[in-house]
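# A look at the structure
Next come the chains, spelled out residue by residue.
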Amino acid sequence: MKILLVNPFQIHLVNKKGRIYNRTWTPLDLANCGAILEREGIDVAILDANAEQYGPDEVAKRATGYDKVFITSTSLDRWQCPFLDINPFLETVKALKGVVSEVYVAGSHGTVRPVEMLEVTGARAIIRGEPELTVLDLCKNSKLSEICGITYQAGKKILSNPDQTPVNLNELPIPAFHLLPMEKYNYEIMGNHFCLFEMTRGCASKCGFCLLKPYGSGVRRKYIDRLIPEIEYAINKFGVRKAYFMDLEFTFLRNQVMDLCEYLIKTNYKFQWCCQTRFDLVDEELLHQMKKAGCRLIHFGVEAGSDRMLEIINKGISLKDIREGMKKVKAVGINTACFFMIGFQ
């Protein structure tokens with residue numbers, strides 16, 4: 001059996017709908033899926049059409065001969081903030097269905113609206129939530145009725161099976177970076193030789209505007225002794241020198257971040273990184289260690305400019321928290337990139 005995992009090309013640098021900036025970032029969820037399938041002895045390849053800039057026709061051409069194709073509408077870096085314009089994705093699905101009999105769809109759109117996504121794609125099944133375990137099940141079991149985490153059509157009925165078991169991050173193998181064009185990933189703020197990593201999945205906050213459904217509930221951690229081999233593999237094998245830890249609240253597990261920083265300081269790699277967190281989850285000691293360990297940029301969600309609006313959206317912090325947190329970061333000398341949401345009333 002030959003399996004292909006596809007990250008579609010977004011075509012435009014900036015999507016017309018939603019004005020979303022498209023970056024060439026590691027499709028970490030597909031790399032996880034590829035590693036799991038390889039561990040099971042399954043022949044798998046990843047086609048990152050977004051990095052390679054392959055349109056639907058080229059993707060279909062390269063998919064010829066595969067038994068099953070899994071395509072995501074949003075790789076992990078877009079689970080929380082999915083594209084509003086899914087036409088490039090839909091066109092790629094249509095092209096794939098012309099050459100492969102079994103096409104499965106994953107991503108945030110199908111997680112939130114599985115029935116609608118099934119209808120517009122005609123996929124064999126929609127994968128809801130995290131894809132890793134469900135992709136494996138779909139490759140090992142041909143009976144859709146026995147597979148958790150999918151929505152599919154049986155005759156004239158559309159059926160949704162129970163949700164999939166949450167992924168244990170500590171049971172994941174090292175992501176299959178060797179199946180990706182690692183030289184093509186970059187972040188304009190950080191530079192080239194770039195990669196994504198994940199230390200936690202999920203979020204402890206309850207902001208009213210945030211899409212968390214693809215992540216499941218709560219926060220799950222990947223222990224440092226599981227994360228370190230991934231970092232070393234990326235640095236030593238692929239020359240990665242810049243990274244983004246894609247955790248929604250990177251410093252939520254403060255002690256674990258301190259342990260990671262201690263490791264990075266000790267190894268003294270020429271390695272710079274960024275992360276995302278909240279202003280009320282940083283302190284002077286932690287920030288000093290992060291800076292010493294190579295942290296050059298932290299993304300923060302400010303969202304609104306008044307305490308009234310911050311309370312309405314259930315952000316859980318005040319303008320005072322934001323100002324005090326920013327002072328701490330600036331004092332240490334770490335750069336910041338802040339997110340704002342326009343149009344709240």
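See the structure shown above.
What comes next concerns the included structure. (Residues numbered from 1 in each chain as written. Predicted model: local features only at pLDDT ≥ 70, side-chain atom pairs only at ≥ 80, totals over all residues. Heavy atoms only, no water.)

### Considerations on the sheet that holds strand β4 (residues 102-106)
Whenever strands of a sheet pair, they do so through backbone hydrogen bonds, lying parallel or antiparallel. What counts is decided by this rule: For two strands to be treated as a pair, DSSP must find at least two bridges joining them. Helix and strand definitions here come from DSSP, where helices need a minimum of 4 consecutive H or I residues and strands a minimum of 2 consecutive E residues; each element is numbered from the N-terminal end. In this description, a line fitted to the C-alpha atoms serves as the axis of each element, helices being fitted only across the stretch in contact, and the angle between N-to-C directions of two axes falls anywhere from 0 to 180 degrees.
Pairing within the open sheet is mixed, and its seven strands lie in the order β2-β1-β3-β4-β5-β6-β7. The open sheet has two edge strands, β2 (43-48) and β7 (157-160), and neither has a second partner. Taking each pair of neighbouring strands and ignoring which way they run, the sheet shows an average axis angle of 20°. Inspection of the sheet shows strand β3 (residues 68-72) paired to β4 by five bridges, in the parallel sense. Paired with threonine 72 across the two strands is alanine 106, which belongs to β4.

### Side note on the pairing of β4
As a reminder of what qualifies: Between buried and exposed lies partly exposed: a residue is buried under 20% and exposed over 50% of the maximum accessible area for its type, with that area taken using a 1.4 Å probe on protein chains only. Handedness of a crossover is defined as follows: with both strands directed away from the viewer, a clockwise route from the first strand across the helix to the second makes it right-handed.
Counting buried positions along β4 gives five out of five residues, so the element sits mostly inside the fold. Burial of the side chains of β4 extends over both faces: Glu102, Tyr104 and Ala106 are buried on one face and Val103 and Val105 on the other. One crossover worth recording links β3 to the parallel β4 by way of helix α4 (residues 87-97), and it is right-handed. Bridge analysis of β4 against strand β5 (residues 125-127) gives two bridges, and the strand direction is parallel. Residue pairing across strands places tyrosine 104 opposite alanine 125, the latter belonging to β5.

### Some thoughts on the sheet that holds strand β14 (residues 335-340)
Reading across from one edge, β8-β11-β12-β13-β14 is the order of the five strands in this open sheet, with parallel pairing throughout. Of all the strands in the sheet, just β8 (194-197) and β14 have a single pairing partner and so form its edges. On average, each strand axis in the sheet is tilted by 20° relative to the strand beside it, whichever way the strands run.

### Examining unusual backbone geometry
The backbone of asparagine 268 sits at a positive phi, close to 60°, despite the residue not being glycine. In this structure, asparagine 268 sits in the loop between α9 (254-267) and β12 (272-277). Classification of asparagine 268 by relative accessible area gives exposed; the value is 62%. The backbone of asparagine 314 sits at a positive phi, close to 60°, despite the residue not being glycine. When you line up the elements, asparagine 314 lands in the loop between α11 (307-312) and α12 (319-332). Among the residues examined, asparagine 314 registers a relative accessible area of 41% and is labelled partly exposed.

### Focus on empty space enclosed by the protein
To be explicit about the condition: Definitions used for this entry: grid spacing 1 Å over protein atoms alone; cavity, a set of points where a 1.4 Å probe fits but cannot get out; pocket, an open set with protein on both sides within 12 Å along at least 5 of 7 lines; lining residue, one with an atom within 4 Å of a point. Grid points are joined across faces, edges and corners, and a volume is the space filled by probe spheres set on the points.
This structure, assessed with the given rule, holds one cavity of 30 Å³ or more. Leu5, Leu30, Cys33, Phe70, Ile71, Thr72, Ala106, Pro131 and Val135 are the residues that line the largest cavity. Elements with a minimum of two residues in the lining of the largest cavity: α1 (28-39) and β3. Here the lining of the largest cavity takes three residues from β3, the largest share from any one element.

Keep in mind these numbers describe shape, not what the thing actually does.
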